[in-house]
Amino acid sequence: ATSVQSKGPVFGVPLVTAVQRSRVSDKLPLCRVFQDSIMYIETFALSREGIYRVPGFRAKLNELKNMYNRGEAVKLTSYDPETVGMLLKLYLRELPEPLLTRQLGAQFEGVLQYEDSEQRTAILCAMLRQLPAEHYATLAWLCLHINHVSQHEKQNKMTLSNLIIILSPTLLISNTLLRCLCEHAQQLFPGVVLDPNSKIPTLY
């Protein structure tokens, strides 16, 4: 169970603020609820049928949200994968600013007009480095995670297309752009691994 001293809520506040209030590691600019949820699914539920599509329990979801907002110790292994999946989606949905930011969101979508895949990837790489570190790290972890989940589609029945349709509206990113980010995640986020003891490579 991870806990931090409460410094204020982490849901519904800017990502940078949430990370300041609840980051687990100095190396990773990630909010605790986001990091915990990803690691739980990665460890216990990549093969869970319908993960991110099948709903969990609303009462448990509210309980978890309140615990994280109060900075309490949380043992996610006491909860079901469906509720943890809902928790992750709720956290992302309540962010007041999209992961790609309002300032750069339209420019990211504009990159899709380039038909050459290598050129598109190179431009996206450069643009991603303009994001705040907290946004970059969160997007990197999420795209790599979506990829991992889709690799278990024979067991979990969740194709990359299914996952994108579910998560795209939550993230305010078009289906096409989100697919591009996920399919090329290892090229776009070099050196990033889903490991709580890792660090995000220096961008600047």
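Source: prediction; values computed, not measured. Numbering of residues starts from 1 in every chain and runs along the sequence as written. Residues qualify for local features only when their pLDDT is at least 70, as the model is predicted, and side-chain atom pairs are given and counted only at 80 or more; totals for whole chains, interfaces and linings, by contrast, use all residues. Note that water and hydrogens are dropped before the side-chain values are worked out from all heavy atoms of the structure.

### Focus on the overall build of the chain
Part 1 of the argument: Per the convention used, a helix needs a DSSP run of H or I reaching at least four residues, while a strand needs a run of E reaching at least two, with both numbered from the N terminus. Each helix and strand in the chain was counted, giving 11 helices and 0 strands.
Part 2 of the argument: Listing the helices and strands of the chain from first to last along the sequence gives α-α-α-α-α-α-α-α-α-α-α.
Part 3 of the argument: When we talk radius of gyration, it's over C-alpha atoms, and the globule rule is simply 2.2 Å times the number of residues to the 0.38. A compact globule built from 204 residues should have a C-alpha radius of gyration of about 17 Å, and the chain, at 16 Å, falls within 12% of that.
Part 4 of the argument: Oriented by its inertia axes, the alpha-carbon framework of the chain measures out at about 45 × 40 × 30 Å.
Part 5 of the argument: Burial analysis of the chain (204 residues in total) assigns 52% to the buried set.
Part 6 of the argument: In what follows, a contact means two residues having at least one pair of non-hydrogen atoms within 4.5 Å. Within the chain, counting contacts between residues at least 6 apart in sequence, those at least 24 apart form 70% of the total.
Part 7 of the argument: The method behind every accessible area is Shrake-Rupley, applied with a 1.4 Å probe, and residues are considered shielded solely by the protein chains displayed. As displayed, the chain offers around 9,600 Å² of accessible surface, 49% of which is attributable to carbon and sulfur atoms.
Part 8 of the argument: We score Asp and Glu as negative and Lys and Arg as positive, and we do not count His or the chain ends. In plain terms, the charge of a residue is placed at NZ if it is Lys, CZ if Arg, CG if Asp and CD if Glu. Of the side-chain charges in the chain, 21 are positive and 18 negative, and the distance between the mean point of each set is 6 Å. Summary of the burial criterion: residues with accessible area below 20% of their type's maximum are buried, those above 50% are exposed, and those between are partly exposed, where the area comes from a 1.4 Å probe applied to protein chains only.

### Observations regarding the packing of aromatic side chains
For any pair of aromatic rings, geometry is given as the distance between the ring centres together with the angle between the planes.
Part 1 of the argument: Only centres within 6.5 Å qualify two rings of Phe, Tyr or Trp (six-membered ring in Trp) as a pair; their planes then separate them into stacked at under 30 degrees, edge-to-face at over 60, and tilted for everything else. Applying the stated criterion across every chain, the model contains 3 aromatic pairs.
Part 2 of the argument: Judged by centre distance (5.5 Å) and plane angle (85°), the rings of phenylalanine 11 and tyrosine 91 are edge-to-face. Separated by 80 residues along the polypeptide, phenylalanine 11 in the segment before helix H1 (15–22) and tyrosine 91 in helix H4 (residues 81–93) bring together distant segments of the chain. Of the two residues, phenylalanine 11 and tyrosine 91, neither departs from the other in class, the shared state being buried.
Part 3 of the argument: Each ring, one from tyrosine 136 and one from phenylalanine 189, has its centre 5.3 Å from the other, and the planes form 70°; the classification is edge-to-face. You can see tyrosine 136 sitting in helix H7 (residues 133–150) and its partner phenylalanine 189 sitting in the segment after helix H11 (185–188), a full 53 residues away along the chain.
Part 4 of the argument: Among the residues examined, tyrosine 136 registers a relative accessible area of 1% and is labelled buried.

### Some thoughts on helix H9 (residues 160–171)
Part 1 of the argument: Between its first and last C-alpha atoms H9 spans 15 Å; for 12 residues at 1.5 Å apiece the expected length is 16 Å, and the two agree.
Part 2 of the argument: The inward-facing, buried residues of H9 contact H4, H7 and helix H10 (175–183).
Part 3 of the argument: Just downstream of H9 lies leucine 172, where phi reads positive at about 60°. To estimate how far a helix should extend, the number of its residues minus one is multiplied by 1.5 Å.

### Looking at the nonpolar core
Part 1 of the argument: Throughout this description, the term nonpolar core refers to a set of buried Ala, Val, Leu, Ile, Met, Phe, Trp, Tyr and Cys residues connected via side-chain atoms within 4.5 Å. Within the largest apolar cluster, 72 residues are counted, with the highest numbers of intra-cluster contacts made by Phe34, Tyr91, Leu139, Trp141 and Phe189.
Part 2 of the argument: With 10 residues, the single largest contributor to this core is H7.
Part 3 of the argument: Apart from the residues within four sequence positions on either side, tryptophan 141 is in contact with Leu28, Leu30, Phe34, Gln35, Ile38, Met39, Val192, Val193, Leu194, Asp195, Pro196 and Ile200.

### Remarks on helix H5 (residues 102–110)
Part 1 of the argument: Here H5 has its buried residues at Leu104, Gly105 and Phe108. Along the axis of H5, the buried residues cluster in a sector spanning 120°; they form a single face. In H5, the exposed positions that point more than 90 degrees away from the buried face belong to Arg102, Gln103 and Ala106.
Part 2 of the argument: Along its buried surface, H5 packs onto helix H6 (117–128) and H10. Note that the arc is defined by the directions from the helix axis to the C-beta atoms.

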